[in-house]
Amino acid sequence: MGLVTILDDEVGRLAALNRYDILDTGHEERFDRITKVVEMALNCPITAISLVDAERQWFKSQRGLDVNETPRDMAFCAHTIQGIIPMIVEDAFEDPRFSQNPLVLGDPNIRSYLGVPLVSPDGYNIGTLCAIDTAPRKFDDKAIELLSQLAQLVIDELELRQRSDKPVETGSLPR
């Protein structure tokens, strides 16, 4: 199956996501640790592991957000999963895709975004690892590489979780 076919295969993408049986599960320290590292390393007030299903983006782990999900049509991450490279938005007010987005105009006041697709072993973009700031920002190559490496770690953890079939639910890490 060619790459273009996989990116256009929403049914296959949703099946790949659902194989992980992770949507609407509780906090797991292994994922919370990754968003904490992103927050600390990139000095971003908002970080998330976002899984995108048919109607919403759901956060397996998030820091700096008071919600567990948002509608897919408002999600920056829904744009990120449509490609194969990291998506960078330096100033959401200046980006025609997002300038009128409620997440930009109101809480959480997104101004800049870096998202890396979470790619399943069979090649489907099931979500993103993202770093979000409330100020305009340029993300350098080091930040992109860090997020890319950690995105692969998220997939590795999803694979381990699926194999063990025994999620370990815990409280959030201390902030």
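Figured I'd write up the structure that's included with this text. (Residues numbered from 1 in each chain as written. Predicted model: local features only at pLDDT ≥ 70, side-chain atom pairs only at ≥ 80, totals over all residues. Heavy atoms only, no water.)

Attention now moves to the overall build of the protein chain. Within the protein chain, the regular secondary structure consists of 6 helices and 6 strands. Starting at the N terminus and ending at the C terminus, the protein chain contains elements arranged as α-α-α-β-β-β-α-β-α-β-β-α. Against the globule reference of 16 Å for 175 residues, the protein chain gives a C-alpha radius of gyration of 15 Å, in line with a compact fold. Considering only C-alpha atoms, the protein chain reaches an extent of 40 × 40 × 30 Å along its principal axes. Per-residue burial over the protein chain gives 50% buried out of 175 residues. Considering only residue pairs separated by 6 or more positions, the protein chain has 64% of its internal contacts joining residues 24 or more positions apart. When the accessible surface of the protein chain is summed, it comes to about 8700 Å², and 53% of that surface belongs to carbon and sulfur atoms. (Helix = DSSP H or I, 4+ residues; strand = E, 2+ residues; numbered from the N terminus. Rg over C-alpha atoms; globule rule 2.2 N^0.38 Å. Buried < 20%, exposed > 50% of the residue type's maximum accessible area, 1.4 Å probe, protein only. Contact = heavy atoms within 4.5 Å. Areas by Shrake-Rupley, 256 points an atom, 1.4 Å probe, with all protein chains shown as cover.)

Of the volumes computed, that of the largest pocket is approximately 260 Å³. Every residue lining the largest pocket is counted, 17 residues in all, and those nearest its centre are Leu65, Val67, Leu103, Asp107 and Pro108. Elements that contribute at least two residues to the lining of the largest pocket include exactly β2 (56-63) and α4 (76-80). Broken down by class, the residue content of the lining of the largest pocket amounts to 12 nonpolar, 3 polar and 2 charged. (1 Å grid on protein atoms, 1.4 Å probe; cavity = no way out; pocket = protein on both sides within 12 Å on 5 of 7 lines; lining within 4 Å. Points joined across faces, edges and corners; volume = space filled by probe spheres on them. Nonpolar A, V, L, I, M, F, W, Y, C, P; charged D, E, K, R; others polar.)

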